Amino acid sequence: MSRSPREVVVCAPMDGRVVPLQGVPDPAFAQGLVGAGVAIDPVGELVVAPCAGVLRRSGHAHAFTVETEAGDVLVHVGIDTVALAGEGFTVLREDGSRVDAGDEILRLDLDHLAHRAPSLVSPVLALGVAERSLTDLCHTGIVRRGAPLYRMTVAAESAAATGSAELQVRRARVRGEHGLHARPAAELVGILRGLRADVWVSVHGKRADARSITALMALGTAQGDEVLLEAAGDDAGVALDALSACFDPPVSKCETPRAVAELPGQLAALVAVRGVAAGPACRWVAHQWSFPLASGDYTAEIRRLDEALAAVTLQLAGEAQPLKGARRDILEAHAAMLADPALRESAVGRVRLGDGAARAWATACESMASRLRQSPDRRMAERAADLADVSQRVLVHLLGAPPVTAIPDGSIVVADELLPSQLLALDPARVGAVVTARGGTTAHAAILAAGLGLPMLVAAGETLLAVPDGEWLIVDAEQGHVEVGPTDERRREFASVCALREERLRAARAAVHAPVTLADGESVCVECNLGRATEAKAAAAGGAEGVGLLRTEFLFLERTSAPDTSEQQAEYAAVTEAFAGRPVTIRILDAGGDKPLPFVSLPREDNPALGLRGLRTGLAYPELLSNQLKALAATPGEVRVLLPMVNDVTELRQVRAMLAEAGRTLPLGVMIETPASVLLADSLAAEADFFSIGSNDLAQYVLAIDRLHPTLGSSLDGLHPAVLRAMQTASLAARRAGKPVAVCGGLAADPDAIPLLVGMGIRELSVAAAAVAEVKAAVRGLDPLACAQLLADAAHAPDAATVRARVREFRALFDEVSA
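All values derive from a computational prediction rather than experimental measurement. (Residues numbered from 1 in each chain as written. Predicted model: local features only at pLDDT ≥ 70, side-chain atom pairs only at ≥ 80, totals over all residues. Heavy atoms only, no water.)

Asker: When you look at the side chain of asparagine 529 in this model, what are you seeing that I'm missing?
Answerer: Turning to its location among the elements, asparagine 529 is positioned in strand S27 (residues 525-530). At 2.5 Å, the side chain of asparagine 529 and the side chain of serine 766 are in polar contact. Setting aside residues no more than four positions away along its own chain, asparagine 529 makes contact with Gly548, Leu549, Arg551, Cys744, Ser766, Val767, Ala768 and Ala769. (Helix = DSSP H or I, 4+ residues; strand = E, 2+ residues; numbered from the N terminus. Polar contact = N/O pair within 3.5 Å; in protein donor to acceptor, adjacent residues only side chain to side chain. Contact = heavy atoms within 4.5 Å.)

Encoded structure:
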């Protein structure tokens, strides 16, 4: 049914020369597939609204539409400018804002665009109408902004579906290099002309009418995105057949995997939980929900949704009540997501538009999850999996439980990504390890796997999903790789390695409380890293000789307001009480970067790793830092304060002055994790009370590789000679000044790194509580002089692989002599 006619005068959005549509160097525009109108070859840098209405930018800088009562008007600046991804465009008005004719929308860098775009000719089109529907059309000549181009008096019609209301569905992948921008969107709309069907395209949690170019562009698709094509009406099947020809076939994660001979022998991945395992692959495939048609009674559908939300809220509360630590925190975070009124309102809005409760809820959750995945803050992006988990729980109440995946004993679970509830459903006694194609090392599933003692690798890539069920895998979650289809000889060799490792682990645990001394009798202190106060008692009982790093972020993240001084002091005191008389090193809040604070408006940063994080955040928000220092000053016990991301002495002095104002003198240390702190180690050592080397961040900054990068992260190695030299420089500066130096990063628990750290003169290692026994065993009896010689050799090696090879020769010889 068409809308009632309205008249809108469309004016020139820019200064320039009018070009007939037929002269536009692009067939989709020239042939009128997108719409009727004219084009302008611009000479000025300013682009304004051609008429009054609602501005829609569709996620692109190069084009926008204005929604009017008579239809939508598109301004598309240049040809193929979508490939520039916004370069040369400055956006002056937000998407969704109401504009009047002449309001400034874009500013152009014409020189930049002229060198990179095939043409700057810019169509100004009435979408979905024929040229005969426009009047007073301006064909040629020079125009100024605001001059009339044509009158639009007809609203676009939408075809009405008749006959069967049965919904037909297809999946497909976006083919075009730049997604569904104006040209491919116009092609889809053209295909549907004359067909009696209602058709939709869904992706990223958004659903668009396939007859609307604007709506299709607003989906924000990219090449390779999987979309859902839906149609209802007499010509539904014909419409889907025609549309499918414009897309690529979907990639099904359930298809028969490739032959092992076609797969690489080794897949690199990121270590989420350390450990080793071997066994047959068990492919975990996410359940594909089938949504029934809406009942037509939206009041009943909303009631069903609310009943499901209430039931899941009670379920989460019941599951969380008996738990402590990370598992309880995660379930409470899920309950908070479920209670988000914006999420429910989004789903209810979709119900009112005709969706059933289940489809509306799934679409609303996916829409919000999509926004989370696109966040530059990695931890926020990883929360998308938690939202998917919440979505699944509600869908189970609405649609029934999906079939349970049977996991054979000893299997390696292989998945695209595991949700926290799916991870908790695994029996660690029956599963050897977990490997996922996506995911992050700080995701909740990884945290839960660590609590279960389950080795886990993440970000192994899409190739992992081609591994067939039952194919043998070797998971090395120490070095970060998966071996696919190892030979029988390699399997026997690895089984021997695992048996030997298990034997050594039992011996190490038995001796965990014995003193740790080197061959010359010098002691080495092995402490623990803690992520929350509730872990302290178990760590103290497990042999840790103190806390080398208490991360305080657990008090600040994922909450709506900062903890007050008394709450902080109580948490810190719980740790010092558990380690009565032993040193507890408490790092001040290391927020920013990939750890955003919901209650602080931290700026969006293009490169968070080099932005406002660590001590920089505390100095930028001094009240946060001051309150934390007051809480630390009030905490009884052997408290040491550690400052992250220090670059120079000025920062150290600022905090020392603030600590003095808090009323107590405490040992104040700096983390060595930036190149600046290494180069200024002498001056820092003169004023700091101790050093703690954060090897993870130091390695990423020295080597300029993001340690959580899904592709490069697995190649980042802290035993690179450049990183070793940086650590050696800092250690030497501390020892010259008579100040203790520790390592609290991942290298402290790396068996290959430990002899090198001893060779540097480091006598304090802080590791995950679960690794304390193994690290103590690896240190005992090492010869400091031999380790120093090994370090001198390693520091001049060409690469990290050579360093590791030489250290393993050293360790093999040491094991032989010790035996």
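Asker: Got a minute to help me understand the confidence of the model for the protein chain in this structure?
Answerer: Low pLDDT means the predicted coordinates in that region are not meant to be read closely. Overall, the predicted model of the protein chain reaches an average pLDDT of 84, with 89% of residues at or above 70. Confidence drops under pLDDT 50 across residues 155-164; counting only partners more than four residues distant or on other chains, this segment forms 26 contacts. Every residue in residues 252-256 scores below 50 in pLDDT, and together they form seven contacts with partners more than four places removed in sequence or on other chains. (pLDDT = per-residue confidence, 0-100.)

Asker: So what exactly am I meant to see when it comes to the packing of aromatic side chains here?
Answerer: The relation between two aromatic rings is expressed through the spacing of the ring centres and the mutual angle of the planes. Counted according to the given criterion, the structure contains zero aromatic pairs. When the ring centre of tryptophan 472 is taken as origin, the NZ or CZ atom of arginine 491, which lies over that ring, is 3.7 Å away. Sitting over the face of the ring of phenylalanine 690, arginine 640 holds its NZ or CZ atom 4.3 Å from the ring centroid. (Phe/Tyr/Trp six-rings, centres within 6.5 Å; stacked < 30°, edge-to-face > 60°. Lys NZ or Arg CZ within 6 Å of the ring centre and 35° of its normal.)

Asker: Any chance you could explain the pattern of salt bridges here in plain terms?
Answerer: Where charged atoms from two side chains of opposite charge approach closely, those side chains can pair. Scanning the model with the defined rule gives 37 salt bridges in all. For arginine 144, the salt bridge goes to aspartate 15, with nearest N and O atoms at 3.5 Å. Here the residue arginine 144 occupies a position in the loop between strand S13 (142-143) and strand S14 (148-152), and aspartate 15 occupies one in the loop between strand S1 (8-11) and strand S2 (16-20), the gap between them amounting to 129 residues. We note a salt bridge from arginine 171 to glutamate 226, for which the minimum N-O separation is 3.6 Å. Of this pair, arginine 171 sits in strand S15 (residues 168-173) while glutamate 226 sits in strand S18 (residues 226-232); the two residues are 55 residues apart in sequence, bridging distant segments of the chain. Salt bridges linked by common partners bring Asp717, Asp750, Asp752, Arg804, Arg808 and Arg811 together as one network. (Salt bridge = Lys/Arg side-chain N within 4 Å of Asp/Glu carboxyl O.)

Asker: Please clarify how the packing of helix H6 (residues 298-320) against helix H8 (residues 341-352) should be interpreted in this entry.
Answerer: If you want to describe how two helices pack, look at the angle between their axes and the distance between the axes. Packing of H6 against H8 brings their axes to within 9 Å, and their N-to-C directions diverge by 155°. Put simply, H6 runs roughly antiparallel to H8. Helix-helix and strand crossings are classified by hand; for H6 and H8 the assignment is right-handed. Contact residues: Tyr298, Glu301, Ile302, Leu305, Asp306 and Leu309 in H6; Arg344, Ala347, Val348, Val351 and Arg352 in H8. Classifying every residue of the contact of H6 with H8 gives seven nonpolar, no polar and four charged. (Axes fitted to C-alpha atoms, helices over the stretch in contact; angles between N-to-C directions. Parallel < 35°, antiparallel > 145°, perpendicular 65-115°, else oblique. Left-handed = near helix turned anticlockwise from the far one by under 90°. Nonpolar A, V, L, I, M, F, W, Y, C, P; charged D, E, K, R; others polar.)

Asker: Would you mind showing me how to read the nonpolar core here?
Answerer: Within soluble globular proteins, side chains that are nonpolar tend to cluster in buried spots. In terms of nonpolar packing, the biggest core is built from 95 residues, with Phe579 and Phe691 touching the most fellow members. A per-element tally of this core places helix H23 (residues 721-736) first, with seven residues. Residues within four places of phenylalanine 579 in sequence aside, it is in contact with Cys528, Leu530, Ala536, Ala539, Ala540, Ala544, Gly546, Val547 and Val584. Ranked by size, the runner-up nonpolar core spans 40 residues in total, among them Ala172, Ala186, Ala236 and Ala239. (Core = buried A, V, L, I, M, F, W, Y, C linked by side-chain atoms within 4.5 Å. Buried < 20%, exposed > 50% of the residue type's maximum accessible area, 1.4 Å probe, protein only.)

Asker: Can you help me understand the sheet that holds strand S26 (residues 481-484) in this one?
Answerer: Two orientations exist for strands paired in a sheet by backbone hydrogen bonds: parallel and antiparallel. If you trace the eight strands from one edge of the open sheet to the other, you get S19-S26-S25-S21-S22-S23-S24-S20, paired in mixed fashion. A single partner strand is all that each edge strand has here, and the edge strands are strand S19 (266-268) and strand S20 (270-273). When the angles between neighbouring strand axes are averaged without regard to direction, this sheet yields 30°. Two elements, strand S25 (residues 472-476) and S26, share four bridges in a ladder whose sense is antiparallel. Paired with leucine 473 across the bridge in S26 is valine 484. (Pairing = 2+ DSSP bridges.)

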